[in-house]
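# Structural overview for review
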Amino acid sequence: MLIVSWNVAGLKPALQRIHEDYSVSSTASNATTFENNANQSSTIKQGTSPICPFTNYLQLHGNVDIVCLQEHKIPLSQLSSRAEPHRCSTIDGYESFWSCAIDPKSRGFNGVVTYAKAGMVQSADSSPLKDAELDSQGRCIMTDHGGFVLFNVYVPNGIHPNKMKFLHALQNAMREQRTNGKHVVLVGDMNLKIDKKDIYWKHRVVNVDELLLLSEELQQQTHHEEGCQQCNKKAEIVTTENSDDSNNSSCATLPKWKTDVHNHWDKITTVLETIEAVPCQTTNPNTKQTFNRWRARVKLADGKYAILGTYEESAEDALFHYTFSELSYEDSSTNTQTICRKKNVLSVEVLTELMSKIANVSWDLKTQRAIANSKEANLNPDSPPYRWAKALLEEDKMVDVFRHMYPEAEGRFTCWHQQKNRRYVNEGGRIDFTLVDSALLGHVDTSSGSLRCGTKAHNDPYGEEAALMACTSNGMFQAPSFSGGGIAQVSKRALDSQFGPPHTGMIYTPPSYSDHIAISLLMKESFKNVVGQLSLQSNASTRKSQPHKKQKSMMSFLCAPGATKKSASTTSSSSASASSTTAAAGQKRRPQQQEEESKNSKPNNLKSYFAGPVGKKSSSNTKPASSKSNASQDNKKQKKNSLYNHFSKK
């Protein structure tokens, strides 16, 4: 069983790209080929039947069983009126289950949808958090697959009370399902990191106060007495060029970078007291259009100014990365202030910049790497989402499947800053996850090969170079110009590099589709026994998650009653209900014209208006319609009605 999760950043534009690149007509003429990690050529077979491009696209990705999308951004009103883009609520062979943002503040944003093959879902719930405020944001949909439930989530961004409220409600909802005897699978855009490898190495943070405390402790050690024959000096810090902490039996040692911080931090903090945001303008060289931007600026001891950071859209953004005071928020569940970040916690990138521009101490790339790989550099340990994720793994016994399978993988990110072209240098973060209960770990297919490395195999698939090749399709995805013009068109070969054998890992969808790539979870064939063959229930929560089924098609009003019932039963087990109903409607019998009964009965729908009471015995006051003259008159009456005649020809 193949499960795929993907933040599409807007389903309408993503589908438009897919329809342009992978409609059946554009791919049926020639087979698409890809190279797997063994550098062996394989072939993706193209279907000959006319299927929708999105279904074709899912088949190219290995015939996906369940696909979970985040940020579809489709309003509920479009689904309930069947005005959604590309009729995406009903795609061949799949049922779809939706959660839309109905909260006024979130309307037109957010939204999650889960597509599952027919017969794989028992029920669905678009309000699984049991909190009206949270459920109205369209961030979570739960589908029941018999032996397990699947949570598809789009977690709020940032560090604020709403995010933690959502995460705690999600954790409680998953725990409730376990008490009901269900295993849990959690996928989606989590907007958090769990491991230090999930973040670009320059963005890992160090706690300067802890570094200074360590330096002070080393200075106070007394094993360096005056007259020490080895170093003949009083107790002091001995620096080493080696980045790793040495274990010198007689000397207290520190790497040089730590000594640099100890010697210059006071100067840095003094200069930072002068920081201010200054306005500036940038100009598009092509259009000559100007933009108002902001930069951070400090005044040095010699009276000169130093510019910090990059151009930002607001003064607050320009100052944010250089404000190191303690951050906290009020936890509504406990009514207490909760620390988000301790004082003087900053990234390796910012610390390097401050040392260079204020302390006039330059660290080469090797030293910066050593800092990022040291035990002092990590994720922010006080981040509430980080603590929540750790509790999910340690207390609830869930497993981050990707990190479990590839513990040493570096540079494997799922999202990049699109406007700053960060994907093309692979400066991103892994914020999209597939997590499973530990009891399900044995069902994960671990024989699916290694991580993808672009268009050809790499001798070190877990290294940063292989990751860069993968996210840029070996350089075929090129960064667009900051002058404008959008993301450039790429070759078919570059587009097709996203395809490969089904596996657990990352699917490097093109940057023109979304700022996120897709992630995948491959379960063993035996896992389908956990699911079984299911019938979709028609309970209130499931009906609510399928708003597109509330709007009946015109043809369903015109079809005969017997055909309607037949197609309705088909609808409950297949997402191809629209096509089944249409086929049944196309086989309707020629209606009998019974004028008297039609006068006495009020038509309650379009079918009765055009067709009359089909299949009933004629009234005693109505002349039998068996003679040629009556049949001829009936034919004339039918032909007068152009709308009925239109549908009867279909």
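Residues numbered from 1 in each chain as written. Predicted model: local features only at pLDDT ≥ 70, side-chain atom pairs only at ≥ 80, totals over all residues. Heavy atoms only, no water.

Right, let's talk about the overall build of the chain for a bit. A count of helical and extended segments in the chain gives 24 helices and 25 strands. Among the 650 residues that make up the chain, the fraction classed as buried is 49%. The contacts in the chain between residues at least 6 apart in sequence include a share of 69% that link residues at least 24 apart. As displayed, the chain offers around 31,600 Å² of accessible surface, 49% of which is attributable to carbon and sulfur atoms. (Helix = DSSP H or I, 4+ residues; strand = E, 2+ residues; numbered from the N terminus. Buried < 20%, exposed > 50% of the residue type's maximum accessible area, 1.4 Å probe, protein only. Contact = heavy atoms within 4.5 Å. Areas by Shrake-Rupley, 256 points an atom, 1.4 Å probe, with all protein chains shown as cover.)

Once that is clear, we can look at the sheet that holds strand S20 (residues 398-400). As summarised here, the arrangement of the six strands in space is S7-S8-S9-S10-S23-S20, forming an open sheet in which the pairing is mixed. Lying at the two open borders of the sheet, with one neighbouring strand each, are strand S7 (123-125) and S20. The mean angle between the axes of side-by-side strands here comes to 20°, regardless of whether they run parallel or antiparallel. In terms of strand pairing, strand S9 (residues 148-154) meets strand S10 (residues 183-189) through seven bridges, oriented parallel. (Pairing = 2+ DSSP bridges. Axes fitted to C-alpha atoms, helices over the stretch in contact; angles between N-to-C directions.)

Residues spaced three or four apart along an α-helix point in a common direction, a consequence of the helix completing one turn every 3.6 residues. Among the residues of helix H14 (residues 464-471), those classed as buried are Ala466, Ala467, Ala470 and Cys471. Taken down its axis, H14 places every buried residue within 125° of arc, on the same side. Those residues of H14 hidden inside the fold are in contact with strand S21 (415-416). One or two steps after H14, the chain reaches serine 473, where phi turns positive at roughly 50°. (Arc of directions from axis to C-beta.)

This paragraph deals with the side chain of serine 89. Relative to the helices and strands, serine 89 is located in the loop between helix H4 (76-80) and strand S5 (94-99). At 3.3 Å, the side chain of serine 89 forms a polar contact with the side chain of arginine 82. A polar contact is formed between the side chain of serine 89 and the side chain of glutamate 84, at a distance of 2.6 Å. Setting aside chain neighbours within four positions, we find serine 89 in contact with Leu79, Arg82, Glu84, Ser96, Trp98 and His548. (Polar contact = N/O pair within 3.5 Å; in protein donor to acceptor, adjacent residues only side chain to side chain.)

Counting across every chain of the model gives 14 aromatic pairs. Cluster of aromatic residues (ring-pair linked, three or more members): Trp6, Tyr22, Tyr57, Phe499 and Tyr513. Over the aromatic face of tyrosine 311 sits the side chain of arginine 295, whose NZ or CZ is 4.6 Å from the ring centroid. Lying over the aromatic face of tyrosine 305, arginine 297 brings its terminal NZ or CZ to 4.1 Å of the ring centre. (Phe/Tyr/Trp six-rings, centres within 6.5 Å; stacked < 30°, edge-to-face > 60°. Lys NZ or Arg CZ within 6 Å of the ring centre and 35° of its normal.)

Here we have six strands laid out as an open sheet, ordered S5-S6-S4-S1-S25-S24, and mixed in their pairing. Every interior strand has two partners, whereas the edge strands, S5 and strand S24 (505-507), have only one. This sheet shows a mean twist of 20° between the axes of neighbouring strands, independent of strand direction. Pairing of S24 with strand S25 (residues 518-522), which is carried by three bridges, proceeds in the antiparallel orientation. Within S25, the residue paired with isoleucine 507 across the bridge is alanine 518.

The next subject is the pattern of salt bridges. Overall, the coordinates contain 24 salt bridges when judged by the stated rule. A salt bridge links aspartate 396 to arginine 175; the nearest nitrogen and oxygen atoms lie 3.1 Å apart. Residue aspartate 396 is found in the loop between helix H12 (384-394) and S20, and its partner arginine 175 is found in helix H6 (residues 161-179); the two are separated by 221 residues along the sequence. Taking relative accessible area as the criterion, arginine 175 reaches 33% and is therefore assigned partly exposed. Note that aspartate 437 is salt-bridged to arginine 178, the shortest N-O span being 2.8 Å. With aspartate 437 in strand S23 (residues 432-437) and arginine 178 in helix H6, this pair connects stretches of sequence that are 259 residues apart. Arginine 178 sits in the partly exposed class, given a relative accessible area of 23%. Taken together, the salt bridges that share partners define one network made up of Asp198, Asp400, Arg403 and Arg430. (Salt bridge = Lys/Arg side-chain N within 4 Å of Asp/Glu carboxyl O.)

Position of lysine 202 relative to the elements: it lies in the loop between S10 and strand S11 (205-207). With 170 residues separating them along the chain, lysine 202 and alanine 372 place their C-alpha atoms 6.6 Å apart. Once residues within four sequence positions are removed from consideration, lysine 202 is found in contact with Ser347, Val348, Glu349 and Gln368.

Next up on the list: the packing of H6 against H12. Following both chains from N to C, one finds H6 and H12 inclined at 10°, their axes separated by 10 Å at the closest point. Compared by their axis directions, H6 and H12 come out roughly parallel. Residues Lys163, Met164, Leu167, His168, Leu170, Gln171 and Met174 of H6 lie in contact with H12, whose contacting residues are Pro384, Pro385, Trp388 and Leu392. Tallied by class, residues from the contact of H6 with H12 come to eight nonpolar, two polar and one charged. (Parallel < 35°, antiparallel > 145°, perpendicular 65-115°, else oblique. Nonpolar A, V, L, I, M, F, W, Y, C, P; charged D, E, K, R; others polar.)

This part is about the nonpolar core. Met1 and Leu354 are the most contacted members of the largest nonpolar core, which has 70 residues in total. Apart from the residues lying within four places of it in its own chain, the contact partners of methionine 1 are Asp65, Ile66, Met120, Phe148, Leu521, Leu522, Met523, Lys524, Phe527, Lys528 and Val531. Ranked by size, the runner-up nonpolar core spans 31 residues in total, among them Leu11, Ala14, Leu15 and Leu522. (Core = buried A, V, L, I, M, F, W, Y, C linked by side-chain atoms within 4.5 Å.)

So, about the pairing of strand S16 (residues 305-312). Relative to S16, strand S15 (residues 290-299) runs antiparallel, the two being bridged by five bridges. Residue pairing for S16: lysine 299 is matched across the bridge by tyrosine 305. If you look at the hairpin formed by S15 and S16, you'll find five residues sitting between the two strands, and glycine 303 has a positive phi there, around 90°.

Turning next to the side chain of glutamine 137. Note on placement: glutamine 137 falls in the loop between helix H5 (132-135) and strand S8 (140-144). The buried category is assigned to glutamine 137, whose relative accessible area is 7%. Side-chain polar atoms of glutamine 137 contact the side chain of arginine 139, separated by 3.2 Å. A distance of 3.4 Å separates a polar atom in the side chain of glutamine 137 from a polar atom in the side chain of asparagine 162. Setting aside residues up to four positions removed in sequence, glutamine 137 forms contacts with Ala101, Ser106, Asn110, Gly111 and Asn162.

On to the environment of glycine 111. If you trace the backbone, glycine 111 turns up in the loop between S5 and strand S6 (112-117). Spatially, the C-alpha atom of glycine 111 lies 9.1 Å from that of isoleucine 141, the residues being 30 residues apart in sequence.

To continue, consider the confidence of the model for the chain. Per-residue confidence for the chain gives a mean pLDDT of 82; residues scoring 70 or more make up 75%. Across residues 28-49, confidence stays below pLDDT 50; counting only partners more than four residues off in sequence or on other chains, it has 38 contacts. This stretch, residues 231-236, has a pLDDT under 50; its non-local contacts, to residues over four places away or in other chains, come to 11 contacts. (pLDDT = per-residue confidence, 0-100.)

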